[in-house]
Amino acid sequence: MTSRGAPLTRRSVRWLDQRTASAPLLRKALRYLFPDHWSFLLGEVALYAFVVLVATGIYLTFFFVDSTKEVVYHGGYAPLYGQRVSEAYASVVHLSLFVRAGLLIRQTHHWAANVFIAAIVLHLFRIFFTGAYRKPRELTYWLGVTMLTLALLEAYVGYSLVDDLMSGMGLAIGYSVGLAIPFVGENLMNWLFDGMFPGSEQLWPRMYIAHVLIFPVLIAVLLTLHLLLVAMRHHTQFRRTKAQTEHTIVGIPAWPGQTPRSLGLLIGTAGVLFLLGGLVQINPIWLWGPYHTYSSTNGAQPDWYLGWLIGGLRLVPSFDLTIAGYTLVPNPFWGGAAFPLVVFGFLYLWPWLERRFTGDQAFHNLLDRPRDAPVRTAIGIAMIGWVFLVFLAGASDRVDVTFGLAYVSQIWVYRVLVWVLPVLFGLIAWWVCRELQAGERVLGERHEAEAEARLARPL
Amino acid sequence: MRAVLTIAGLAATGLLAAGAAGAAPPKHGLAAYGDHLYGQYCLGCHGPNAAGRLKQPASSTGAAPGRAQGQQGGIGPSLHGVGALAADFYLRTGYMPLRRVGLQPRRGRVFFGEHEIRALTAYVANFGGPAIPQPKPERGSLSQGLALFTEHCAGCHQVVAQGGLVTGAVPPALVEATPLEVAEAVRIGPYVMPKFSQRAITDRQLDSIVRYVEFTKDPPRQGGWGLGFLGPVAEGLVTWFLAIPALLVLCLLLGRRLRS
Amino acid sequence: MPALPPNPGAELAALALLGLSSLAALGFILIYAFGASLPDETQLLGASMGLALLFLAAALIVVGLRLVPSEEVAEAYPPQEHPGEQQVIAELVDESGTRFTRRRLFKLGLLGAGGTLGLAVLTPAASFGPLFHVGDFLRTPWRRGRRLVDEHGVPYRAADIERNDFYLAFPEGVSDEEKEQMAASLVVIRLDPAQLDLPPDLKGYDAHGILAYSRICTHAGCAITLYRAPLFQPAEPKPALVCPCHYSTFDPATGGTVTFGPAGRNLPLLPVFVDSKGFLRAKGNFNGPVGPSWWGVRMWKAQP
């Protein structure tokens, strides 16, 4: 380091410390340790996708009109000319096709949403399979699962705001799933929508405020708490070297080692998202046309992170649970509400369940490798398999169209497979973990024997 | 000279008489050749005199190109009143001959040559019915087309005509459909497709629909790679197989692995 | 901090990447300013911005991996807990309550006040929408004698409804806004009366084979815009109304019964008749509530 920079640095730090008394905190922060493993960066990727979402989202708010009032389209896109569309839809068509860089920002925003949730899911897998959620980090974990729920809702509301044909169908389905909640369903949904579907003219401003203010603030607050907790308890680590123990953390300091890496990941994530935003078309809503309750199109699907729900809705056989003429549980409840409730219930309860069944009440700063906890890994793989199979079932109509496998037959096969295969996956995962563990033991024994042999025979 | 004229006159009268007879098998010209072809490839399912066949004959495997007469047999609708419109459609797309009764007719290798198609069409036209239409997409309105397509067609064919699914059939994508084929299919309602008469969709409206279908063959992709205009399924695949691997590469660059 | 030797190669690489990033960013600005006529404008903007960011990221990565010291450091995890501090806090809280004699009652009082106050604060949220109004689910814009019209308000004659076609219909006189109500839109078809097999309670709901079903699927509220209309019935699947969302398949000949798919309730049927001038009119209201099911839906009939 040259001596020319030093007086400036010293002067700046002094200025800051005199006004904020933050030098001790800053010193701790700069020397905060980041254990080094690539999978620990997945949460950061999600965070950076969120940053891109907020930045691009703010830009979009300057163009979007949150109104379902119908107007006759007189803009420059010929196929819509003269058609009745909502102001919301017209504003997004205008932004996409007639505002310079508008389509780039809009597509980047949508890709960022898809990547945000994908990164959270990968991060969740890492947390689960390494046991990072164990004491003392349960709070951090629950905050994370809550953020996943919020992100799903936020994204769903976000793409529904456009009021195009496909997302409008999706909104009707969401309403119907809510309606299917026993006893409270129809009150709850009419209360939310301010009337029967498609709701009143208050609905759109409500969704808009939820999407641009309420959900983002909630996510930001939970995210801050989440990161604070991670920092206060310090990050978990693998036992890669002997120096890493339950009591000693080994990692790269925030400054100068980790900072350029994290910054590079932030800028790199943004770069990937902008590349996608410009080069790969996403949600070309001008092609779908406006939504009307009496219109629909074939091939309508939700965004990928809700694909498991469309699979659930399609797989459940035809029945409304009715007792003595009294409809207790309408059909969409099982695939659209009960299924995600079970999955998220599992996620929330898991730390407690594991503690209960293994009796492990200890503090954990060291992480397991997936093979070190065969039962946990097996159950996790089984759950993932279950959700993924239902997700696949949701795309079986396009499989029929593309590969000719009859849809009706696929549905029947999936109805069986989604219960049988996850058990099989879990068993295989458990077996693989045990085999890997055994293999390590054998390898260890062999190395010992070879070492002994070398000692006995000087060369 | 007079002899030639007399013979010509007699021949003309004969042809006129044959044409006026309608149901009688044509003896001369294109339609007669069509009758011959009909006997070879269509009779087995569509019955003698194109009257249709509702009862399965002994071997009911349906017609197939090159199969001998004796091996064919199946059921099929009457062709009376379907007109040159239907014959032209089914033959040009390769929907007919159908390989097996009960299968959905699909676009396939067109077995017949141009001359054969004209002949068969002339033969079927003998039994009455609409002529081959002449759609004029340039007279249609694109926005009317989108509205009409959404109302009548998008439920099965998807709003950008990428094809779809209905229980029991696969409505095809329309990327290969010529304007003429679209106009014909709308009026026929092949397989389980609804049939839209002039009352339901006027010729002018049909022009707009045809124009819109042409538009869907190359929709505007201002946003970049179109991903088949299918929507979220393809976008999800890009997320997980393009974006995430790219980001994972970044993570692997920046972070250690356990084994190193 | 350990002193490491300089790495001029890495510095050069990082500088070069920074330069490339600046060029790409400049390119973005130029394309934005002058590229309006380009058809691939979005692609060029995205590529230039993306590359600008990726080059910058690459420069930062080179700095992070090759230029700044990034040796691992060991240090102690913070203690699992702080028993001393915990003790002090606990004592502080306990000692502050020594003047209270009726502790449990006071706690109850606070809980009660807090709870009811919390409820009171939440109560205005009830105004967000109608609560306890089951009637909304049963109301339809259909009345006896109301004509069926198309999207442009032109009334349907029975003769307009042809076999193997399906029609979008609304009640005469509804506004564009009212058309969006789920109970407004219909899918009208005509079957051969000989094919009909309506249950006893639906006898007479058709008008010589013309059937007017609710257009909204009873599963999850999508519009039913698929009509399976066989050209040659002996070799093809029977007529069916199908929903594109989850492929609920309804048999129109038997009163909208579900033959495949998840819908749990039959498709509601509107009784229709043909008036003296040949126009289609509603004979009454649907045989059941329209749209997706809710608890108790089977207890009610649709109301005008």
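Keep in mind the model is a prediction, meaning the values are calculated, not measured.

1. Points about the overall build of chain A
In step 1: For chain A, the count of helices and strands is 16 helices and six strands.
In step 2: If one aligns the C-alpha atoms of chain A with their principal axes, the spans along those axes are about 90 × 65 × 45 Å.
In step 3: Contacts in chain A between residues at least 24 apart in sequence constitute 74% of all its contacts with a sequence separation of at least 6.

2. Brief notes about the overall build of chain B
In step 1: When helices and strands are counted, chain B shows 10 helices and zero strands.
In step 2: Listed by position from the N terminus, the elements making up chain B come as α-α-α-α-α-α-α-α-α-α.
In step 3: Looking at chain B residue by residue over its 260 residues, the buried ones come to 48%.
In step 4: Sequence separation of 24 or more characterises 67% of the internal contacts of chain B that already satisfy a separation of 6 or more.

3. Considering helix 16 (residues 407-456) of chain A
Residue and element names in this part refer to chain A.
In step 1: Across its 50 residues, helix 16 extends 69 Å between first and last C-alpha, which sits within 8% of the 74 Å expected from 1.5 Å per residue.
In step 2: Largest kink in helix 16: about 40°, centred on leucine 417.
In step 3: All buried positions along helix 16 are accounted for by Tyr407, Ile411, Tyr414, Val418, Pro422, Gly426, Ala429 and Cys433.
In step 4: Against helix 12 (307-315), helix 14 (374-393) and helix 15 (396-403) lie the buried residues of helix 16.

4. Considerations on the interface of chain B and chain C
In step 1: In this complex, chain B contributes 30 residues to the contact, which on the side of chain C involves 27 residues.
In step 2: The set of elements that each furnish at least two residues to the side of chain B that touches chain C consists of helix 7 (154-157) and helix 10 (232-254) of chain B.
In step 3: Looking at which element gives the most residues to the side of chain B that touches chain C, the answer is helix 7 of chain B, with three residues.
In step 4: A class-by-class count of the residues in the side of chain B that touches chain C yields 17 nonpolar, 10 polar and three charged.

5. Some details on the interface of chain A and chain C
Reports often express the size of an interface as the amount of accessible area lost when the parts come together.
In step 1: The interface is formed by 81 residues belonging to chain A together with 71 residues belonging to chain C.
In step 2: At the level of elements, helix 5 (102-130), helix 7 (165-179), helix 8 (185-193), strand 4 (248-253), helix 10 (254-279), helix 12, strand 6 (326-329) and helix 16 of chain A are the ones that each hand at least two residues to the side of chain A that touches chain C.
In step 3: A breakdown of the residues in the side of chain A that touches chain C according to their chemical character gives 45 nonpolar, 27 polar and nine charged.
In step 4: Bridge count for strand 4 of chain A against strand 1 (residues 73-76) of chain C is four bridges, and the pairing is antiparallel. Across the sheet, the residue bridging to valine 250 of chain A is alanine 74 of chain C, located in strand 1 of chain C.

6. Here's the deal with the packing of helix 2 (residues 29-41) of chain B against helix 5 (residues 114-125) of chain B
Two quantities define a packed helix pair, namely the angle between the axes and the distance from one axis to the other.
All names here are of chain B.
In step 1: Running from N to C, helix 2 and helix 5 point in directions that differ by 95°, and their axes come no closer than 7 Å. Compared by their axis directions, helix 2 and helix 5 come out roughly perpendicular. Of helix 5, the residues touching helix 2 (which contributes Leu30, Ala31, Tyr33, Gly34, Asp35, Leu37 and Tyr38) are Glu116, Arg118, Ala119, Leu120, Ala122 and Tyr123.

7. Looking at the sheet that holds strand 1 (residues 33-34) of chain A
Paired through their backbone hydrogen bonds, the strands of a sheet run either parallel or antiparallel.
In step 1: Judged by pairing direction, the sheet is antiparallel, and its three strands sit side by side in the order 1(A)-4(A)-1(C) without closing on themselves. Strand pairing shows two members of the sheet lacking a second neighbour, strand 1 of chain A together with strand 1 of chain C, which therefore form its edges.
In step 2: Examined bridge by bridge, strand 1 of chain A and strand 4 of chain A share two bridges and lie antiparallel to one another. Across the sheet, residue leucine 33 of chain A finds its bridge partner in strand 4 of chain A, namely proline 253 of chain A.
In step 3: Packed onto the sheet, helix 10 of chain A meets strand 1 and strand 4 of chain A and runs at close to 65° relative to strand 4 of chain A.

8. So, the confidence of the model for chain B
All names here are of chain B.
In step 1: This prediction gives chain B a mean pLDDT of 86; 83% of its residues lie at or above 70.
In step 2: Within chain B, the element-level pLDDT minimum falls on helix 1 (residues 2-21), averaging 54, and the maximum on helix 9 (residues 203-216), averaging 97.
In step 3: Contacts of residues 17-22 to residues separated by more than four positions or lying in other chains number five contacts, the stretch itself having pLDDT below 50.
In step 4: For this predicted complex, the interface confidence comes out at an ipTM of 0.92, alongside a pTM of 0.92.

9. With respect to the nonpolar core
Most often, soluble globular proteins have nonpolar side chains that are buried together.
In step 1: Counting residues in hydrophobic clusters, the biggest one holds 264 residues, and the most contacted among them are Val45, Ala49, Phe116, Ala119 and Leu273 of chain A together with Val188 of chain C.
In step 2: When sequence neighbours within four positions are dropped, the list of residues in contact with phenylalanine 116 of chain A reads Ala46, Ala49, Phe50, Leu53 and Ala151 of chain A.

10. Digging into the packing of helix 14 of chain A against helix 16 of chain A
Residue and element names in this part refer to chain A.
In step 1: Closest axis-to-axis distance for the helix 14/helix 16 pair is 8 Å, and the angle between their directions is 155°. One finds that helix 14 runs roughly antiparallel with respect to helix 16. Relative to helix 16, helix 14 is oriented so that their crossing is right-handed.
In step 2: Its residues assigned to classes, the contact of helix 14 with helix 16 shows 22 nonpolar, three polar and one charged.

11. Brief notes about the environment of arginine 221 of chain B
In step 1: Checked against the element boundaries, arginine 221 of chain B lands in the loop between helix 9 and helix 10.
In step 2: With 18 C-beta atoms packed within 10 Å, arginine 221 of chain B lands in the partly exposed category.
In step 3: Ignoring anything within four residues of it in the chain, the contact list for arginine 221 of chain B reads Gln281 of chain A together with Gly226 of chain B.

12. Digging into the sheet that holds strand 5 (residues 210-214) of chain C
In step 1: In spatial order, the strands read 2-3-4-5-10 (chain C); together these five strands make up an open sheet with antiparallel pairing. Since the sheet does not close on itself, it has two edges, and those belong to strand 2 (148-149) and strand 10 (269-270) of chain C, each with one partner.

13. Comments concerning unusual backbone geometry
In step 1: Here the residue pair tryptophan 255 of chain A and proline 256 of chain A is connected by a cis peptide bond, since its omega of 0° sits within 30 degrees of zero.
In step 2: By the secondary structure assignment, proline 256 of chain A is in helix 10.
In step 3: The linkage connecting methionine 96 of chain B with the following residue, proline 97 of chain B, adopts the cis geometry, with an omega of 0°.
In step 4: Looking at the element boundaries, proline 97 of chain B is found in the loop between helix 4 (83-93) and helix 5.
In step 5: For histidine 208 of chain C, which is not a glycine, the phi torsion comes out positive at approximately 55°.
In step 6: Relative to the helices and strands, histidine 208 of chain C resides in the loop between strand 4 (186-190) and strand 5.

14. Some thoughts on the domain arrangement of chain B
Residue and element names in this part refer to chain B.
In step 1: Each assigned domain of chain B is listed here: domain 1 (26-125) and domain 2 (137-216).
In step 2: In this structure, domain 1 and domain 2 have C-alpha centres spaced 25 Å apart.
In step 3: On the side of domain 2, 11 residues touch domain 1, which itself brings 10 residues to the contact.
In step 4: A per-class count over the side of domain 1 that touches domain 2 returns five nonpolar, two polar and three charged.

15. Some thoughts on the pairing of strand 5 of chain C
All names here are of chain C.
In step 1: With five of five residues buried, strand 5 is to be regarded as a mostly interior element.
In step 2: The pairing of strand 5 with strand 10 spans two bridges and is antiparallel. Opposite tyrosine 213, over in strand 10, you have leucine 269 as the bridge partner.

16. Quick look at the environment of glutamate 151 of chain C
All names here are of chain C.
In step 1: As for its placement among the helices and strands, glutamate 151 is situated in the loop between strand 2 and strand 3 (167-171).
In step 2: By C-beta crowding, glutamate 151 is classed as partly exposed, having 16 other C-beta atoms within 10 Å.
In step 3: Separated by 19 residues in sequence, glutamate 151 and phenylalanine 170 place their C-alpha atoms 7.0 Å apart.

17. Re the environment of arginine 239 of chain A
Residues and elements named next belong to chain A.
In step 1: Inspection of the secondary structure assignment puts arginine 239 in the loop between helix 9 (203-233) and strand 4.
In step 2: Here arginine 239 falls in the partly exposed class, since 17 other C-beta atoms lie within 10 Å of it.
In step 3: Separated by 129 residues in the primary sequence, arginine 239 and aspartate 368 place their C-alpha atoms 8.6 Å from one another.
In step 4: Setting aside anything within four residues of it in sequence, one finds arginine 239 in contact with Gln244 and Leu366.

18. Focus: helix 9 of chain A
Residues spaced three or four apart along an α-helix point in a common direction, a consequence of the helix completing one turn every 3.6 residues.
Residue and element names in this part refer to chain A.
In step 1: When the terminal C-alpha atoms of helix 9 are compared, their 42 Å separation across 31 residues agrees well with the 45 Å that a helix rising 1.5 Å per residue should span.
In step 2: Of all the bends found along helix 9, the most pronounced is centred on alanine 210 and spans about 45°.
In step 3: Those residues of helix 9 lying buried are Trp204, Met207, His211, Val212, Ile219 and His226.
In step 4: If you follow the buried residues of helix 9, they end up packed against helix 3 (42-61), helix 4 (87-98) and helix 6 (138-160).

Criteria and thresholds
Residues numbered from 1 in each chain as written. Chains lettered and ligands numbered in written order. Predicted model: local features only at pLDDT ≥ 70, side-chain atom pairs only at ≥ 80, totals over all residues. Helix = DSSP H or I, 4+ residues; strand = E, 2+ residues; numbered from the N terminus. Contact = placed C-beta atoms within 7 Å. Buried ≥ 20, exposed ≤ 12 C-beta atoms within 10 Å, placed from the backbone. Expected span 1.5 Å × (residues − 1). Bend = angle between axes of the 7 residues up to and from the residue. Nonpolar A, V, L, I, M, F, W, Y, C, P; charged D, E, K, R; others polar. Pairing = 2+ DSSP bridges. Axes fitted to C-alpha atoms, helices over the stretch in contact; angles between N-to-C directions. Parallel < 35°, antiparallel > 145°, perpendicular 65-115°, else oblique. pLDDT = per-residue confidence, 0-100. Core = buried A, V, L, I, M, F, W, Y, C linked by C-beta atoms within 7 Å. Left-handed = near helix turned anticlockwise from the far one by under 90°. Domains from an automatic or database assignment.

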